[in-house]
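Coordinate analysis (summary)
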Amino acid sequence: MTQTTTVQPQGQGRPVIRHPVWCDPASCTAMDGHGHHFSRVIELKALPRCPLGVAVRLSQGTAVADFPLSNVPLVQLSIADDEGELCEVGLYVEMAQELGRLLVRLSPDRRL
Ligand SMILES: [Zn+2]
């Protein structure tokens, strides 16, 4: 994943926003130096033995001068039960990748 949120001036002073390839136009709020790019949401539904549901999406803020972390891509996890959202966390992509590798290693379906 690259940090592709770039705003460049165009001929008539109106900036052009470059969206990451994963950005969902219907969810994106990035415009003229503020807002966020968002991917579509992937939902993991609650299971009968576990009432928690998880929604996952990528996000990336637009770059803000003097705030180098303002446009770092994040993997956002929203965890909810049948009464509503319990928490939301943002993981750096590298941490989310490590979590993914761990889950694959722990999978009972893993075939080597
Ligand atoms: Zn976007």
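Here the structure is a predicted model, which is why all the values come from computation and not from measurement. (Residues numbered from 1 in each chain as written. Predicted model: local features only at pLDDT ≥ 70, side-chain atom pairs only at ≥ 80, totals over all residues.)

**Brief notes about the overall build of the chain**
Filter applied, for reference: Under the DSSP-based scheme used, a helix requires at least four consecutive residues in state H or I and a strand at least two consecutive residues in state E, with every element numbered from the N terminus. Think of it this way: build a C-beta for each residue from its backbone, and any pair within 7 Å is a contact.
Helix and strand content of the chain: 1 helix and 7 strands. Mapped from its N terminus to its C terminus, the chain presents α and β elements in the order β-β-β-β-β-β-β-α. A fraction of 24% describes how many contacts in the chain between residues 6 or more apart in sequence connect residues 24 or more apart.

**Description of the environment of serine 27**
Basically, it comes down to this: Burial is judged by counting the other C-beta atoms within 10 Å of a residue's own C-beta: 20 or more makes it buried, 12 or fewer makes it exposed, and any count in between marks it as partly exposed, with every C-beta position built from the backbone.
On the secondary structure map, serine 27 appears in the loop between β2 (15–18) and β3 (36–38). Taking the C-beta count within 10 Å as the criterion, serine 27 has 14 such neighbours and is therefore assigned partly exposed. For the pair serine 27 and phenylalanine 38, spaced 11 residues apart in sequence, the C-alpha separation works out to 5.7 Å. In this structure, serine 27 is in contact with Phe38 and Arg40, ignoring residues within four places of it in sequence.

**Considering the pairing of strand β7 (residues 84–92)**
For the record, the criterion: Pairing between two strands is assigned when DSSP locates at least 2 bridges connecting them.
A small share of β7 lies buried, amounting to 0 of its 9 residues. Across 8 bridges, strand β6 (residues 74–81) lies against β7 in antiparallel orientation. Among the inter-strand pairings, isoleucine 79 is bridged to a residue of β7, identified as cysteine 87. Linkage of β6 to β7, two consecutive antiparallel strands, is achieved through a turn of 2 residues.

**A look at the confidence of the model for the chain**
Note the cut-off: Confidence per residue, as judged by the predictor, is encoded in pLDDT with a range of 0 to 100.
In the predicted model, the chain carries a mean pLDDT of 87, and the fraction of residues at 70 or more is 85%. The lowest-confidence element of the chain is strand β1 (residues 6–9), averaging 49 in pLDDT; the highest-confidence one is β3, averaging 97.

**Quick look at unusual backbone geometry**
Trans peptide bonds make up most of the peptide bonds, and negative phi angles are found at most residues other than glycine. For aspartate 66, which is not glycine, the phi dihedral falls at a positive 70°. Structurally, aspartate 66 is set in the loop between β5 (53–61) and β6. What makes aspartate 66 exposed here is the crowd of 5 C-beta atoms within 10 Å.

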